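An overview of the molecular structure
Letter by letter, the chains look like this.
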Amino acid sequence: MCGIVGYTGNLQAASIILDGLSKLEYRGYDSAGIAVLNEKGHTEVVKAKGRLQNLIDKTDSGKAIKGTCGIGHTRWATHGEPSQINAHPHVSSNSSDISSDNNSEVIGVHNGIIENYLEIKEKLANSGYQFYSQTDTEILIKLIDYYYNKYDHNPLSAISHSMIRVKGSYAIEVMFSDYPEEIYVARKDSPIIIGLKDDASFIASDVPAILKYTNSVYYLDNMEMARITKGHAQFYNIDCKEIEKEVTQIQWDAQTAEKGGYQHFMMKEICEQPKAVRDTLNSLIKDNQIILNEKLNIDSEYIKNLNKITIVACGSAWHVGMIGQYVIENIAKVEVRVELASEFRYRNPLIKKDDLIIVISQSGETADSLAALRLAKQSGCHTLAIVNVVGSSIAREADNVLYTLAGPEIAVATTKAYSAQLVSIYSLAVCFGYIREAFDEDKYHYYVNELLSIPEKIDKILENKERIQWFAFKYSNARDAFFIGRGIDYGISLEGSLKFKETSYIHSEAYAAGELKHGTISLIEDNTLVIGVLTQSHLYKKTISNMVECKTRGAYLMGLTNYGNYQIEDTSDFTVYIPKLEENFAGSLAVIPLQLLAYYVSVSKGIDPDKPRNLAKSVTVE
Ligand code: F6R
């Protein structure tokens, strides 16, 4: 999705806004724009298609735009092609004239989608409005302008009436030229935060944009608005009644959200996995006891009587659920289903009161996952969110939240948040299994020790990354790749394949190894890359047979297995070994070489792995 930044204070706004946008570029990057309002109510709007750098160059790093109050936006197109005219900010006048002295101008940016924009467009056209762009945002800004003129030039009334009128999701940031030095924001289902420091105020759709300036932030909730002046923020509900909000202290520092010497965020985040996993485990295990149930205040009787767990998520977080399904059923002996949030939300799922719904999400803002959570809550069952971003929508709306401590994840393709989610699920499986008396105390201590050994073993794999780099360069011109495995190894294959395709643009599929021969094997030809994942000893021979089937059809085989399984070299052409670990937890190790493979193939093809085409970090539209 797109990124929003705003500033009002005593300094020149444009360079602060551009700097903030650069921290949000991962959210969307097909065009960008900025609007600055000076104390005389004169607005200057500058937009550029393409990377943010184009806007930075066009404005001489912001120096060319004078004024101390402004808003900015990086866009990822939904309505209307990526172009300068469709880029935000949008204005209430009849042209997108980049410099405007109009009286009573409304200027705004928007994240999200206005679903009924065509109907509103028609209504506005009947009132004499004309439109210069193809965006729903221009219509929203003109609707605010319409109500602004109708309700005595009162910004809050104009915004609240517009919020009632529109359907969809949005975070909006608006300036009114009659109110220099003020910015108004509102939200529904799309995040927006406000940070204050001395006599300056900062607005952003995500924390990294303003961390450099302040750690104290306010999270706007759904159907709330805020009026922001220099160093102050007043909050309002939809009836324009002032409300109190609590400030949240962000624990990350700005440096944690920067590249820190690495060429790309993706590699930095791959290498941060031992820490992300250790920090997450340390928050769940104290004195060799898993305290997850106490931390979440979940009653033991409830855990003992659980009927079923349903894990709902999207993308890589769904892959965590796929592995979690095997691990929780193996260890805790509770039935588990895994659902894609985008399917779950529309299929009238049968949810019982004694079911537990777990929603997994790095951002905590994924639209489908949020909708699935709301649906689950309506059924009256208990909901648990496993989320990385503190204060995000999913974290705030679930009955319980378990925070992964991966820190800010900037690269679009998730790595460290995925790993932190995985160990959270393992800890839950062991905690629930022990309470349900699925195994004895010795086994419990064995599981806990194995969990605690994961960070060090990830470190060991990372020490050998050059071998994967060599292989990646050799195979970077592959046309297709197939990742195969059974059980937990199938779950790992799903994640390996997604990482590979999204960062290298090479077609790739993950297959349950035994399923390959039911059709897909027809795609295997000379030199097709097949990666077999074999961490589960009871399935080892079965998957080897499936790899042999591929080799017979000409495939080039990479094997990924545990140290000790050296006979694999009779079959595979290239082998990667991972340290021995309790096999239920093997996903945490096996995924690391696959992330490295995806990263190195991407780099060797000259692709920016941090910003793969057509993708956005936070998918706040369905
Ligand atoms: C893939 C990836 C995505 C996300 C998915 C869910 O590398 O990052 O598939 O996992 O969009 O996002 P969250 O976890 O924020 O709900």
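For the structure itself, look to the data block above.
Residues numbered from 1 in each chain as written. Predicted model: local features only at pLDDT ≥ 70, side-chain atom pairs only at ≥ 80, totals over all residues. Heavy atoms only, no water.

So, about the side chain of Thr383. Topologically, Thr383 is positioned in strand β22 (residues 382-387). If we ignore the near neighbours within four places in the chain, the residues touching Thr383 are Leu356, Ile357, Leu373, Ala376, Lys377, Ala398, Asp399 and Asn400. (Helix = DSSP H or I, 4+ residues; strand = E, 2+ residues; numbered from the N terminus. Contact = heavy atoms within 4.5 Å.)

Right, let's talk about the pattern of salt bridges for a bit. Side-chain pairs of opposite charge can arise where the charged atoms are in close proximity. This model, assessed by the stated rule, comprises 25 salt bridges. Where Arg337 meets Glu339, a salt bridge forms, and the shortest distance between an N and an O atom there is 3.3 Å. On the accessibility criterion, Glu339 (6% relative accessible area) is buried. Taking the shortest distance from any N to any O, the salt bridge between Glu495 and Lys499 comes out at 2.7 Å. (Salt bridge = Lys/Arg side-chain N within 4 Å of Asp/Glu carboxyl O. Buried < 20%, exposed > 50% of the residue type's maximum accessible area, 1.4 Å probe, protein only.)

Near the ligand you find 14 residues, and of these Ser361, Gln362, Ser363, Thr366 and Glu502 are the closest. A distance of 2.4 Å separates an oxygen atom of the ligand from a polar atom in the side chain of Thr366. One of the backbone N or O atoms of Thr414 is found 3.1 Å from an oxygen atom in the ligand. Taken by itself the ligand offers 410 Å² of open surface, and the protein chains cover 89% of this. (Near = heavy atom within 4 Å. Polar contact = N/O pair within 3.5 Å; in protein donor to acceptor, adjacent residues only side chain to side chain. Areas by Shrake-Rupley, 256 points an atom, 1.4 Å probe, with all protein chains shown as cover.)

Moving on: the nonpolar core. One finds Ile309, Phe432 and Ile454 to be the most contacted residues of the largest nonpolar core, which totals 91 residues. Counting residues per element, this core draws most heavily on helix α14 (residues 416-435), which supplies 11 residues. Non-local contacts of Ile454, meaning those with residues more than four positions away in its chain, are made with Val277, Val423, Tyr426, Leu581, Phe585, Ser588 and Leu589. One finds Leu21, Leu55, Tyr219 and Trp252 within the second-largest nonpolar core, a separate group that totals 30 residues. (Core = buried A, V, L, I, M, F, W, Y, C linked by side-chain atoms within 4.5 Å.)

Okay, unusual backbone geometry next. His88 connects to Pro89 through a cis peptide bond whose omega is 0°. Topologically, Pro89 is positioned in the loop between β4 (69-75) and β5 (90-91). The phi angle at Asp60 is positive, at roughly 50°, despite the residue not being glycine. Positionally, Asp60 belongs in the loop between α2 (52-58) and β4.

Here the focus is the pairing of strand β13 (residues 224-229). Most of β13 sits out of view: five of its six residues are buried. Bridge count between strand β9 (residues 183-188) and β13: five bridges; the pairing is antiparallel. Looking at the pairing, Tyr184 lines up with Arg227 of β13. Remark: two residues form the turn of the hairpin made by β13 and strand β14 (residues 232-236), two consecutive strands paired antiparallel; Gly231 in that turn has positive phi of roughly 75°. (Pairing = 2+ DSSP bridges.)

On to the layout of surface pockets, then. Of the volumes computed, that of the largest pocket is approximately 610 Å³. Lining the largest pocket are 30 residues; nearest its centre among them are Cys314, Gly315, Ser316, Lys617 and Val619. Among the secondary structure elements, those contributing two or more residues to the lining of the largest pocket are α10 (315-332), α11 (341-344), β21 (355-361), α12 (367-378) and α18 (488-504). Considering each element in turn, the lining of the largest pocket owes the most residues, three residues, to α10. Each residue belonging to the lining of the largest pocket can be placed in one class, and the counts come to 14 nonpolar, 12 polar and four charged. Elements represented by at least two residues in the lining of the second largest pocket include exactly β16 (248-249) and α7 (273-284). The leading source of residues in the lining of the second largest pocket is α7, at three residues. Along the lines of polarity and charge, the residues of the lining of the second largest pocket split into 11 nonpolar, seven polar and five charged. (1 Å grid on protein atoms, 1.4 Å probe; cavity = no way out; pocket = protein on both sides within 12 Å on 5 of 7 lines; lining within 4 Å. Points joined across faces, edges and corners; volume = space filled by probe spheres on them. Nonpolar A, V, L, I, M, F, W, Y, C, P; charged D, E, K, R; others polar.)

This brings us to the pairing of strand β11 (residues 200-204). Across the five residues that make up β11, a large majority, five, are buried. Side chains of β11 alternate between two faces, with Ala200, Phe202 and Ala204 and Ser201 and Ile203 buried alike. Sheet analysis places strand β1 (residues 3-8) next to β11, joined by four bridges and oriented antiparallel. Across the sheet, the residue bridging to Gly6 is Ile203, located in β11. Sheet topology places strand β10 (residues 193-197) next to β11; five bridges connect them, and they run antiparallel. The residue bridging Ile193 from the neighbouring strand is Ala204, located in β11. Following β10, the chain reverses through two residues before pairing antiparallel with β11; Asp198 in that reversal takes a positive phi of roughly 50°.

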